[in-house]
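Overview (structure and organization)
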Amino acid sequence: MNIANILARKGSVAVTVRPEQTIREALALLDRHNIGALIAVEGDHPVGILSERDIVRQAARDEKFFVRVVGELMTRDVITGQPHDDLLSVAHTMTERRIRHLPVVDKGRLVGMVSIGDIVKAQRDHYQGEVDTLQTQLLADDRGRAR
Amino acid sequence: MTPSPGTPERPLRVAIIGAGPTGFYTADHLLRSAKVVEVDLFDRLPTPYGLVRLGVAPDHQKIKFVTNVFDKVAANPRFRFFGGVEFGKDLTLADLKACYHQVVYCTGAQTDRRMGIPGEDLSGSHPATEFVAWYNGHPDYRDCTFDLTQERVAVVGVGNVAVDVVRILCRTAEELATTDIADYALEALRQSRVKEVYLLGRRGPAQAAFTNPEVKELGELADADVTARADEVELDPLSRAAVERSQDRATQKKVEILKEYARRQPAGKSRRLTLRFMVSPVELIGDAAGSVTAIRLVRNELYATSTGALQPRATEHFENLPVGLVFRSVGYRGVPLPGVPFNESWGVILNDKGRVLDSDSKQPVVGEYAAGWIKRGPTGVIGTNKPDAAETVECMLEDLAAGAVLEPAHPQAAAAEALVRQRQPNFFSYADWQKLDAIETARGCAQNRPRVKFTRIEDMLAALGR
């Protein structure tokens, strides 16, 4: 399984924000879409990611952070995935590097975002499916009739 | 205001399109819910089970045991099957909206991806799925022909379809004679002159999709020697690091098995199967008559993407592999359904967790859903479609609770059946299928085979006395 299979059932492309938008606007987007991170884009091109973490960190230091802009708070050094990246590698990298949101880019264009929750769900469904298939085979007798 | 459907007086009426595993799992989840649901399962073919009947290899009967689960679902009095009824042709979306509160598309990934290389359409080059559908007795593919007088065959891809195809090509007629392979295919394969079979993977052994039991089986064929190239089964540094890091025992074992194949001395069997890695086809070369004579391959190297996934990249090293027959199995995608929004990027119905979305507004379309491969793409084993279907059914029940269902003019089981009878008088019910199943198994019993399949719709009708 690869990340394209996760994006296929997520419908919309990732929620984006422009670096010059304010944190207040960004918070409204996070709230409206019930998500944990926004991708900052210039055109189709991702230039950063703004997560709950980035906002909390700033909120603890600066009470006036609402009026600052996304470009000041976002993480610029973003790790991105490609649609054909396999689930195991992505799960490993996200776990090891403590990444909770992975923008997915195809030929330089943003095509979606997967969260660590998406990855965990996909892995759970994958294993559940395998167990189910094996059980079905084990629970039949030699002639294939249900026992 | 009428009460919302889902009660004994007013059952929730659901049409499911596609009677493969996902169609049955979706029906199962719906019928087990706390609401009173009536399910009509449609398939364009007369027979149920989808790829379990027409995709799973005939020498893998155990995988087909899952039909026991489907038969239990079908035994529910609130379940009906309408085989031989095609969505978009016999019944339109508008027809279904007149009879059902909800419609679920479970049509799978019906087409194969092309390799996108010159010569792909030469005579002797086929999608692997056509060969699979042919040997499994799919009525639409039973009259396909494959030139099995060729001695050398390449199968592009290392997923389970590719592995099935090489295995069937390498099996003896005696091995196949005890399976439920289509009779005509058994006869054609009995005459096969295939001697050299190549399975071509674009990445290395650690990335190959086939499972360990599948690869082991290739080493136990009655009359085919299996081999691999020592230089190709040796892991490159990136793959070795990835395998060590993940402590993935299954992959380590897979590589060991393949290394053992590379060391094996041929036992003088009639056929030889060679497992190749790190090569991609760049061209099919043909003769003056337009038939394939060779496949041109480029050697690949692997590189790590930013997430650590290993992807192939072509080098400057090429080789020509002489072959007269090529089967491609490099991926699958869904086929758009008439009037249903489609996501071209991923080859699936445009959806969010199974809710079909409008192409423009990207908002859910009331009453329409998707599950299985047409929802997430072709991945996973049969059982993976069970949690997938559960997610879609959860959305359906949420929408029902919120009152977001279709408002059919004729929400009665009898009205739906009358419409089907009018459009497709020769439809097949589950009882019809059970009669055909009994005949197929009885015919099989006489020949010590699981079943002898019907492969023509006319023959099925005749057997039912129609």
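Computed from a predicted structure; not experimentally measured.

Conventions and cut-offs
Residues numbered from 1 in each chain as written. Chains lettered and ligands numbered in written order. Predicted model: local features only at pLDDT ≥ 70, side-chain atom pairs only at ≥ 80, totals over all residues. Helix = DSSP H or I, 4+ residues; strand = E, 2+ residues; numbered from the N terminus. Rg over C-alpha atoms; globule rule 2.2 N^0.38 Å. Contact = placed C-beta atoms within 7 Å. Buried ≥ 20, exposed ≤ 12 C-beta atoms within 10 Å, placed from the backbone. Domains from an automatic or database assignment. Nonpolar A, V, L, I, M, F, W, Y, C, P; charged D, E, K, R; others polar. Core = buried A, V, L, I, M, F, W, Y, C linked by C-beta atoms within 7 Å. Pairing = 2+ DSSP bridges. Axes fitted to C-alpha atoms, helices over the stretch in contact; angles between N-to-C directions. Parallel < 35°, antiparallel > 145°, perpendicular 65-115°, else oblique. Left-handed = near helix turned anticlockwise from the far one by under 90°.

1. Some remarks on the overall build of chain A
From N to C terminus, chain A includes six helices and five strands. For chain A, the α and β elements follow one another from N to C terminus as α-β-α-β-β-α-α-α-β-β-α. Here chain A has a C-alpha radius of gyration of 20 Å; the compact-globule value for 147 residues is 15 Å, and the former is much larger. Viewed in the frame of its principal axes, chain A has a C-alpha envelope of about 70 × 35 × 30 Å. Summarising the internal contacts of chain A: among those between residues at least 6 apart in sequence, 59% fall at separations of at least 24.

2. Considerations on the overall build of chain B
Along the backbone of chain B there are 17 helices and 20 strands. Against the globule reference of 23 Å for 466 residues, chain B gives a C-alpha radius of gyration of 24 Å, in line with a compact fold. In terms of its C-alpha atoms, chain B occupies a principal-axis envelope of roughly 75 × 55 × 45 Å. Taking all 466 residues of chain B together, 48% fall into the buried category. Within chain B, contacts between residues at least 6 apart in sequence are counted, and of these 75% link residues at least 24 apart.

3. Quick look at the domain arrangement of chain B
Residues and elements named next belong to chain B. When its domains are assigned, chain B resolves into domain 1 (12–110 + 334–428) and domain 2 (113–329). Relative placement of domain 1 and domain 2: their C-alpha centres are 33 Å apart. When the residues that make up the side of domain 1 that touches domain 2 are grouped by side-chain class, the tally is four nonpolar, one polar and one charged.

4. Quick look at the nonpolar core
One finds Leu50 of chain A together with Ile16, Val104, Val155, Val165 and Val166 of chain B to be the most contacted residues of the largest nonpolar core, which totals 160 residues. Looking at this core, the element that brings in the most residues is helix α6 (residues 160–170) of chain B, giving eight residues. Looking at which domains feed residues into this core, each of domain 1 (12–110 + 334–428) and domain 2 (113–329) of chain B supplies at least three.

5. A word on the pairing of strand β12 (residues 292–304) of chain B
Residues and elements named next belong to chain B. Note: strand β11 (residues 279–286) against β12, seven bridges, orientation antiparallel. Directly across from Ile285, in β12, lies its bridge partner Ala294. Hairpin remark: β11 followed by β12, antiparallel, with five residues in the connecting loop; positive phi at Gly290, about 85 degrees. Sheet analysis places β12 next to strand β13 (residues 310–322), joined by 10 bridges and oriented antiparallel. The partner of Val298 across the bridge, within β13, is Phe318. The turn joining β12 and β13, which pair antiparallel and follow one another in sequence, is formed by five residues; a positive phi near 90 degrees is taken by Gly308.

6. Focus on the interface of chain A and chain B
The interface is formed by 35 residues belonging to chain A together with 38 residues belonging to chain B. Counting only elements with at least two residues in the side of chain A that touches chain B, the list comes to α1 (3–8), α5 (87–96) and α6 (116–138) of chain A. Here the side of chain A that touches chain B takes nine residues from α6 of chain A, the largest share from any one element. The residue makeup of the side of chain A that touches chain B, split by class, is 10 nonpolar, 17 polar and eight charged.

7. Quick look at the sheet that holds β11 of chain B
Residue and element names in this part refer to chain B. Spatially, β11-β12-β13 is the arrangement adopted by the three strands of the open sheet, whose pairing is antiparallel. At either margin of the open sheet sits one strand with a lone partner, and together these are β11 and β13. Ignoring strand direction, the axes of neighbouring strands in this sheet form an average angle of 20 degrees.

8. What about the packing of helix α1 (residues 21–32) of chain B against helix α14 (residues 385–401) of chain B?
All names here are of chain B. Packing of α1 against α14 brings their axes to within 8 Å, and their N-to-C directions diverge by 50 degrees. The angle between α1 and α14 places the two elements in the oblique class. By crossing handedness, the relation of α1 to α14 is classed as right-handed. The residues of α14 that touch α1, namely those facing Pro21, Thr22, Tyr25, Thr26, His29 and Leu30, are Asn385, Lys386, Asp388, Ala389, Ala390, Thr392 and Val393. Of the residues assigned to the contact of α1 with α14, the class counts are six nonpolar, five polar and two charged.

9. Here we look at the sheet that holds strand β20 (residues 364–370) of chain B
Residues and elements named next belong to chain B. With respect to topology, seven strands assemble into an open sheet ordered β3-β2-β1-β4-β20-β19-β18, the strand pairing being mixed. With partners counted over all chains shown, the strands left at the sheet margins are β3 (79–83) and β18 (351–352), one partner each. In this structure, strand β19 (residues 355–357) lies alongside β20, joined through two bridges in antiparallel fashion. Bridge pairing in β20 links Arg355 to Tyr369.

10. Some remarks on helix α5 (residues 128–135) of chain B
Most of α5 of chain B sits inside the fold, with seven of its eight residues counted as buried. For α5 of chain B, the full list of buried residues reads Ala128, Thr129, Phe131, Val132, Ala133, Trp134 and Tyr135 of chain B.

11. Details of the pairing of strand β8 (residues 196–200) of chain B
Residue and element names in this part refer to chain B. The element β8 is extensively covered by neighbouring structure, given that four of its five residues are classed as buried. Two strands pair when backbone bridges link them, and strand β7 (residues 152–156) and β8 are joined in this way by five bridges, in the parallel orientation. Considered in β8, the bridge of Arg152 is made with Glu196. Of the pairings in the sheet, the one linking β8 to strand β10 (residues 271–276) comprises five bridges and is parallel in character.

12. Digging into the packing of α5 of chain B against α6 of chain B
Residue and element names in this part refer to chain B. For the pair α5 and α6, the least separation of the axes is 10 Å and the interaxial angle reads 55 degrees. The angle between α5 and α6 places the two elements in the oblique class. Every pair of crossing elements has a handedness; the one defined by α5 and α6 is left-handed. Contacts between α5 and α6 pair Ala128, Thr129, Phe131, Val132 and Tyr135 from the former with Val161, Ala162, Asp164, Val165 and Ile168 from the latter. Here the residues of the contact of α5 with α6 are counted per class, giving eight nonpolar, one polar and one charged.

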